[in-house]
Structure formats: C-alpha cells, structure tokens
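Fold and contact review
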Amino acid sequence: MAEKNNCAPPTNLNGISRPGKGRVVIKPKNMKGTLIRLWKLTKGKRKGLGWILLLSALASAASILSPYITGKAVTAISKQDMVVWILACLTGLYVCDWLVKFMQAFFMASIGQHMIHSIRETLFGHIRSLPLSFFDRRQHGELMSRLTNDVDNISTTISSSLTLLLTHGFTILGIFLMMIVLSPLLTLVALTGVSCIFVLTKVVTKRTRKLFSCQQKSLGALNGQVEESVSGLPLIKAFCREEEMECDFGKKNDELCRISIKALIWSGYLMPLMNVINNLCYVAIAVFSGILFLNGRIDSVGLITSFLLYVRQFTRPFVEIANIYNNFQTAVAGAERVFEILDEGPEPADCPDALSLASCRGDIEFRHVGFGYTPDQQVLKDISVKIPAGTQVAIVGSTGSGKTTFVNLLTRFYDVTEGNILLDGHDLREYRMTDLRAAFGVVLQDTALFAESVKDNICYGHPEADMERIRQAARIAGADGFIERLPKGYDTILEQGGLELSQGERQLLTIARAVLANAPILILDEATSSVDTVTEQKIRKAMLKICENRTSFLIAHRLSTIRDSDLILLIENGQIIERGTHEELMDFNGQYAQMYRTQAGEE
Ligand SMILES: Nc1ncnc2c1ncn2[C@@H]1O[C@H](COP(=O)(O)OP(=O)(O)OP(=O)(O)O)[C@@H](O)[C@H]1O
Ligand SMILES: [Mg+2]
C-alpha cells in the first residue's frame with residue numbers, strides 16, 4: 001500500500017499560533033493522473049473556472065497593494081490632502097477586495113457543488129450496476145466511507161481549498177515582485193531569514209508530527225475499542241467480560257492520555273520558540289533596513305514600512321498553503337478511491353438481441369456447471385441436472401456445501417464459470433437481465449428489510465399491489481398474526497430495518513414478499529430456519545399451495561420440511577451426490593437416509 005498516514009505539521013510562522021491538532025493526511029498514489037481525471041470532470045464549466053482564476057488574482061490584489069499604499073501614506077504624512085486621498089484609496093481597495101471574494105465564493109459554490117452532484121450521481125448509478133462479486137471483495141464500512149467521506153472531502157476541497165490555494169499562490173508571487181521592486185537588497189536579506197525559518201520549522205514539526213501521529217493512532221485504537229464494546233455489549237455481559245473490557249479500555253485510555261500530554265507539551269514548548277525566532281528575524285530585517293536608510297541606500301521611511309508589512313505577509317500564505325495542501329492531498333486521495341469504484345466493470349450488459357421472458361414456463365437444466373467465487377477455489381463442480389417445469393426441488397447438504405451458491409447462479413447474481421444453465425431451452429445469459437430476475441421470487445438466506453413500513457416491505461418491487469393483495473400474501477406466509485399485533489399494523493415503520501422484529505418474524509415478512517411477487521419460479525433459502533415447528537408446518541402447507549405448478553427451489557436443513565418435494569438434491573463439496581424423491585433416497589440408504597434418521601431421532 002502506498003498510502004501513508006502522517007499528520008499535518010502544526011506550523012507556526014509570523015505569530016500565527018496553531019495549537020497543532022493532529023490531522024490525518026492520506027497521500028494519493030497518483031496525484032497527476034487523478035488531477036487530470038478531475039480536470040476532465042470540469043468539462044463544460046471551464047469558463048467559470050477561468051473566472052475563478054481571474055478573481056483569485058484580483059483577490060490577492062488587496063494583500064499585495066495595501067502595504068505599498070500604507071507606505072506611501074507614511075511618506076506623505078506631512079501632506080494632509082495626500083494622506084486623505086491615500087486612505088480613501090485604501091478603503092476602496094478593501095471594499096473591492098470584499099466584493100471580489102464574494103464573487104469568487106459565488107462561482108466556486110456553484111461550480112464545485114455541480115461537480116460533486118454529478119460525481120455523486122455517477123458513483124451511485126455505477127454502484128447499482130456493479131456485480132455482487134464486487135461487494136464480496138469489500139467491507140461495507142469501507143464502501144460507505146467512499147460514498148460519503150471521500151465525496152464530502154472532494155466537495156470541500158473543490159469549493160474552498162482550491163480558491164484559497166490560488167489566491168495564496170498569487171499573493172506570494174505578487175508580494176515577492178513588490179519586494180524586489182522596492183529593494184532587491186532587502187529582499188535578499190528577507191529571503192535568507194525566511195529560509196532559515198522554514199528549515200527550523202521543518203525540523204521542529206518533524207518532531208511534533210510524529211507525536212501527533214502517535215496520538216491519532218492511539219485515539220483510533222481507543223475509538224475502536226469503544227465501538228466494539230458498545231456493539232458487543234450483550235456478548236460481553238453474557239460472557240462476564242466486563243472487567244476485562246474495562247481494564248483494556250483503561251490501558252488504551254492511559255496510553256492516549258500519556259501521548260497527548262507529551263504532544264501538547266512539545267508543541268507548547270516549540271511553538272513559542274518558533275515565534276521568538278520568527279520575531280528576531282523580523283527585528284533583524286527592521287534594523288538592517290534602518291542602517292540602509294541611515295546610509296542613504298533607502299530614500300524613505302515609507303518604503304521601510306511597506307517592506308516590513310510585506311515581510312509580515314510573505315510567510316503567512318506559505319503556512320496556509322502547507323495546511324490547505326494537506327487537505328488537498330486527502331481530497332485527491334479520496335477522489336482516487338472514488339475513481340477506483342468507477343473503474344470497476346459493471347454487470348455484463350444484455351446481448352443486443354436479448355430475449356424477453358414474458359411467459360416463463362420454468363424448465364431448468366444445469367449442464368456440467370462449474371463455479372468458483374475466486375478462480376482458485378471451485379465451489380460447484382460439474383453439476384448436471386434437469387428440472388422440468390413445475391418441479392418442487394429441495395436442496396439439502398451440510399453447511400458450506402454450495403446450496404446458496406447453486407441458487408445464486410439461477411438468478412445470475414453470479415455467472416457460471418463452466419458449463420451452462422438453461423431456462424426454457426435458452427442459456428440464462430441470452431435473456432434480458434431484468435426479465436430474468438423478475439421471473440424469480442426469492443427469499444434470501446440473509447433476511448433483508450428496509451426502514452419502511454411493513455406494507456412497503458411486503459410489496460417491495462410491486463408498489464402497485466393493493467392492500468388486499470398484501471394482506472393475502474401475509475396470510476399465506478403466516479405473517480398476518482404478528483403484523484396485526486404491531487402498534488400500527490401494516491403501517492408500522494421498521495425504524496431499525498427489521499432489527500426490532502424477531503428473526504422468525506423477519507423471515508415471515510420476506511416470505512410474504514416472495515408470495516406477493518407471484519413469480520413463475522420460487523427460491524426459498526432457509527426460509528423457515530428460524531420459525532417454530534408449528535409455524536413451519538403452517539408455512540409448509542401454504543408453500544405447497546403456492547409452489548403448485550411452479551418450479552421451486554427449497555433449501556432447508558430440517559429435512560422434515562422438504563419430505564414431500566418432487567426431487568431432492570443432496571449437495572456435498574459442490575457436487576450432487578444423491579438425487580431422487582424422499583422414498584427413493586431412503587431406499588437407497590445413503591447419506592440422506594442417515595441424515596434423515598438422525599434428525600427424526602432427535603425430534
Ligand atoms: N461471496 C463469497 N465469496 C467467496 N466465497 C464464498 C462466498 N459465498 C460463499 N462462499 C464459499 O462458498 C462455499 C459454499 O457456500 P454456500 O453459501 O453456497 O454454502 P451453503 O451450502 O449455502 O451453506 P449454509 O448451509 O451455511 O447456508 C463456502 O465454502 C463459502 O465459504
Ligand atoms: Mg446457504
């Protein structure tokens with residue numbers, strides 16, 4: 001990983017006292033490439049950017065001109081009329097400065113926010129089109145951070161840092177030119193002083209940066225511990241680990257305290273020292289210019305005033321740029337991560353003459369299907385099976401044997417890596433993706449509910465369904481009983497995305513959803529694993545009814561659930577090792593029969 005964490009130097013020059021909060025700067029891997037891509041995004045808004053450039057140059061005018069004018073006022077102090085004029089000029093300059101900065105902010109807000117708007121839109125649109133395999137490779141938290149933090153960082157940088165960076169750049173250039181015009185000799189002296197300060201600052205900040213970086217790490221560790229303790233509290237209590245948890249927390253807290261004190265003391269000691277050196281340098285320039293004046297090498301006091309004011313202002317933009325640059329780097333690194341997502345290939349597009357699937361019979365055939373989530377690990381091996389329309393198929397097998405994978409291939413969440421799957425005589429890949437997925441009513445193994453009303457959760461994907469259809473689906477799934485008991489019935493909002501329901505209740509809702517979908521093919525992955533046996537029997541009967549005349553796939557660990565299926569497939573290690581009806585498999589007296597007898601014995 002080329003990413004490196006370090007902290008912004010708590011720089012301090014020219015009396016700007018910065019307490020030096022440790023900030024994490026993440027360096028981009030390819031600054032130039034990313035900037036070029038960001039630049040391409042400004043297409044159509046370049047005119048506005050030109051304006052911003054011009055305004056930035058104008059915005060630095062006040063800083064560049066005001067010391068010069070002030071110097072003139074000092075020289076002309078004996079001529080009152082002149083002074084009044086000069087002061088009026090100065091006031092005018094500051095008013096113009098305000099106007100220019102306002103316009104700058106106005107342009108930047110509009111351009112910056114439009115750019116971010118389009119990045120967000122493209123990014124979200126793209127995420128939607130990504131294949132599921134993309135999400136397997138990433139943690140949710142990390143992905144969320146890209147979608148929110150990174151985009152936010154780019155937004156702030158584009159709308160504020162960029163203008164400041166430009167203005168400060170122009171200010172440095174302008175002041176430098178003015179200083180040379182005023183006195184090349186003094187400029188040389190000032191530059192020597194300024195370079196000394198910079199070298200010193202570098203040395204000092206190296207030390208404090210290390211400390212702040214440690215503080216940041218320590219804080220991260222403490223935060224992680226707090227998060228873990230809060231989310232895992234039930235488990236911690238159940239295993240009586242409260243004391244250990246507290247002890248762990250105490251240690252991390254002590255460590256953070258120790259490092260923070262050290263960091264603050266060092267910066268508290270070094271920062272004023274920097275100030276002293278800074279001021280000494282300033283005094284040296286003042287004395288030197290005084291000597292030059294006495295020697296007649298400088299002709300007016302006003303020039304010295306202007307020059308000293310310039311020296312005061314000269315270093316300030318450097319410090320600001322150093323700070324902004326850190327933000328800028330973080331934002332470019334953020335943009336890099338956003339572009340990384342945008343570079344991921346989307347789900348394969350439908351072929352040009354893709355078939356529609358208006359009336360699906362439900363004949364399915366697996367022909368020598370092989371599949372692995374990663375190239376080096378084959379999860380399904382040489383699966384061949386014919387499933388005539390209307391067959392109720394049960395898939396059984398031990399944990400991790402490949403049951404969920406088997407049905408994931410049907411809905412094309414993943415594409416087969418070997419062989420092919422036919423639906424009604426055509427390869428799945430020949431159909432339009434949306435048509436294909438609409439042909440399946442699915443209850444996933446991980447129940448997924450949204451923070452919406454119960455009603456909306458049931459008719460998810462079929463918003464046109466009326467209340468009667470929703471109630472009927474809930475009744476068939478056996479979910480109506482508990483829904484009626486909810487405070488607002490079908491209108492109860494699942495604030496926590498279903499976490500407030502029991503696992504069994506969540507399953508019943510997802511079954512109701514699949515029932516309502518009324519799709520020609522049904523897939524129920526462990527749909528009844530978390531409900532009691534009485535409810536299970538009820539659902540089973542209902543299922544039998546809705547599975548009638550439909551091809552359906554039931555995955556179940558409780559074999560009693562699938563006894564009546566037309567075809568039972570026993571998958572082990574990614575292969576179908578036994579197949580047939582319950583009676584046939586019992587007669588065969590193989591692994592299925594053994595599993596069934598074991599379970600029956602338990603009950
Ligand atoms: N997204 C994934 N990426 C990589 N490997 C995966 C992924 N999903 C599953 N696997 C692996 O594929 C194998 C089969 O998993 P699958 O989910 O199909 O098992 P299963 O039979 O449904 O198990 P269970 O009964 O526990 O639900 C397992 O070894 C699992 O670790
Ligand atoms: Mg599974």
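Residues numbered from 1 in each chain as written. Chains lettered and ligands numbered in written order. Predicted model: local features only at pLDDT ≥ 70, side-chain atom pairs only at ≥ 80, totals over all residues. Heavy atoms only, no water.

1. Points about the pattern of salt bridges
Under the definition given, this model contains 15 salt bridges. Two residues, R241 and E244, come together in a salt bridge whose shortest N-O distance is 3.8 Å. Given a relative accessible area of 38%, E244 falls into the partly exposed group. (Salt bridge = Lys/Arg side-chain N within 4 Å of Asp/Glu carboxyl O. Buried < 20%, exposed > 50% of the residue type's maximum accessible area, 1.4 Å probe, protein only.)

2. Notes on the nonpolar core
Among the nonpolar cores identified, the biggest contains 43 residues, and I458, I483, L509, I562 and Y592 are the most heavily contacted of them. Top element by residues in this core is helix α16 (residues 503-517). It accounts for 7 residues. The contact partners of I458, leaving out residues within four places of it in the chain, are I470, A473, A474, I483, Y490, L509, A512, R513 and L516. F366, L380, L567 and L569 belong to the second-largest nonpolar core, a separate cluster that totals 33 residues. (Core = buried A, V, L, I, M, F, W, Y, C linked by side-chain atoms within 4.5 Å. Helix = DSSP H or I, 4+ residues; strand = E, 2+ residues; numbered from the N terminus. Contact = heavy atoms within 4.5 Å.)

3. Examining the confidence of the model for the protein
Per-residue pLDDT for the protein has a mean of 83; in total, 95% of the residues score no lower than 70. With pLDDT under 50 throughout, residues 1-22 is counted as low confidence; its partners more than four residues away or in other chains account for 68 contacts. (pLDDT = per-residue confidence, 0-100.)

4. What to know about the sheet that holds strand β7 (residues 426-427)
With antiparallel pairing, 4 strands are arranged side by side in an open sheet as β4-β3-β6-β7. This sheet does not close on itself; its edge strands, each paired only once, are β4 (380-387) and β7. By the bridge criterion, 2 bridges tie strand β6 (residues 418-423) to β7 in an arrangement that is antiparallel. Looking at the pairing, L422 lines up with D427 of β7. Where helix α11 (residues 403-410) meets the sheet, its contacts fall on β3 (364-371), β4 and β6, and the angle it forms with β3 comes to roughly 120 degrees. (Pairing = 2+ DSSP bridges. Axes fitted to C-alpha atoms, helices over the stretch in contact; angles between N-to-C directions.)

5. Things to note about the domain arrangement of the protein
When the domains of the protein are assigned, the result is domain 1 (29-183 + 320-347), domain 2 (198-297) and domain 3 (348-439 + 557-603). Computed from C-alpha atoms alone, the centre-to-centre distance between domain 2 and domain 3 is 59 Å. (Domains from an automatic or database assignment.)

6. Some words on the sheet that holds strand β11 (residues 567-572)
Whenever strands of a sheet pair, they do so through backbone hydrogen bonds, lying parallel or antiparallel. Taking strand neighbours across the sheet as the criterion, the 6 strands line up as β8-β9-β10-β5-β11-β12 in an open arrangement whose pairing is mixed. Because the sheet does not close on itself, it has two edges, and the strands there are β8 (440-443) and β12 (575-580). Neighbour to neighbour, the strand axes of the sheet diverge by 15 degrees on average, direction disregarded. For β8 and strand β9 (residues 521-525), the ladder comprises 4 bridges, and the chain directions are parallel. Paired with V442 across the strands is I523, a residue of β9.

7. Quick look at the environment of I321
Relative to the helices and strands, I321 resides in helix α10 (residues 301-343). With relative accessibility at 23%, the residue I321 sits in the partly exposed group. Between the alpha carbons of I321 and V203 there is a distance of 18 Å; along the sequence they are 118 residues apart. Residues contacting I321, with those up to four places away along its chain left out, are L165, H168, G169 and I172.

8. Re a nonpolar patch on the surface
Taken together, the side chains of V95, W98, L99, F102, M103 and F106 make up a nonpolar region of the molecular surface, amounting to roughly 660 Å² of accessible area. Here M103 shows up in helix α4 (residues 80-129). With a relative accessible area of 35%, M103 lands in the partly exposed category. (Patch = residues over 30% accessible without salt bridge, like charges linked within 9 Å, V, L, I, M, F, W, Y side chains within 5 Å. Areas by Shrake-Rupley, 256 points an atom, 1.4 Å probe, with all protein chains shown as cover.)

9. Focus on the site of ligand 1
Around ligand 1 sit 14 residues in total, of which G400, K403, T404, T405 and Q445 are the nearest. Interatomic distance of 2.6 Å between a side-chain N/O atom of T404 and an oxygen atom of ligand 1. Contact distances for ligand 1 include 2.4 Å between an oxygen atom and a side-chain N or O atom of T405. With 3 residues, the single largest contributor to the shell around ligand 1 is α11. Residue composition of the shell around ligand 1, by class: 3 nonpolar, 9 polar and 2 charged. (Near = heavy atom within 4 Å. Polar contact = N/O pair within 3.5 Å; in protein donor to acceptor, adjacent residues only side chain to side chain. Nonpolar A, V, L, I, M, F, W, Y, C, P; charged D, E, K, R; others polar.)

10. A short note on the pairing of β6
Pairing analysis gives 5 bridges linking β3 to β6, with the strands arranged antiparallel. Looking across to β6, one finds that R367 is bridged to N420. Counted between consecutive antiparallel strands, the loop separating β6 from β7 contains 2 residues, among which D424 sits at a positive phi close to 50 degrees.

11. Details of the packing of aromatic side chains
Think of a pair of aromatic rings as described by two things: how far the centres are apart, and how the planes are tilted against each other in angle. A complete count under the given rule lists 12 aromatic pairs for this structure. Here F450 and Y460 contribute two aromatic rings whose centre-to-centre distance is 4.6 Å and whose plane-to-plane angle is 25 degrees, an arrangement assigned as stacked. Linking F450 in the loop between β8 and α13 (454-458) with Y460 in the loop between α13 and α14 (467-477), this pair joins segments that are 10 residues apart in sequence. For Y460, a relative accessible area of 43% corresponds to the partly exposed category. Of the aromatic side chains, those joined through ring pairs into one cluster are W51, F106 and F107. Its end group placed over the ring of F339, R37 keeps NZ or CZ at 4.2 Å from the ring centre. Geometry around Y282 places R312 over its ring, the cationic atom sitting 4.3 Å from the centre. (Phe/Tyr/Trp six-rings, centres within 6.5 Å; stacked < 30°, edge-to-face > 60°. Lys NZ or Arg CZ within 6 Å of the ring centre and 35° of its normal.)

12. Describing the packing of helix α2 (residues 46-59) against α4
Between α2 and α4, whose axes approach to 9 Å, the crossing angle comes to 155 degrees. Considered as vectors, α2 and α4 are oriented roughly antiparallel to each other. The interaxial crossing formed by α2 with α4 has left-handed handedness. Across the interface between the two elements, G48, L49, W51, I52, L55, S56, L58 and A59 of α2 pack against D97, V100, K101, M103, Q104, F107, M108 and I111 of α4. Partitioning the contact of α2 with α4 into residue classes produces 11 nonpolar, 3 polar and 2 charged. (Parallel < 35°, antiparallel > 145°, perpendicular 65-115°, else oblique. Left-handed = near helix turned anticlockwise from the far one by under 90°.)

13. Some remarks on the packing of α16 against helix α17 (residues 533-547)
For the pair α16 and α17, the least separation of the axes is 12 Å and the interaxial angle reads 10 degrees. As summarised for this structure, α16 and α17 are arranged roughly parallel, according to the angle between their axes. Only T535, I539, M543 and I546 of α17 make contact with α16, whose side of the interface consists of L508, I511 and V515. Here the residues of the contact of α16 with α17 are counted per class, giving 6 nonpolar, 1 polar and no charged.

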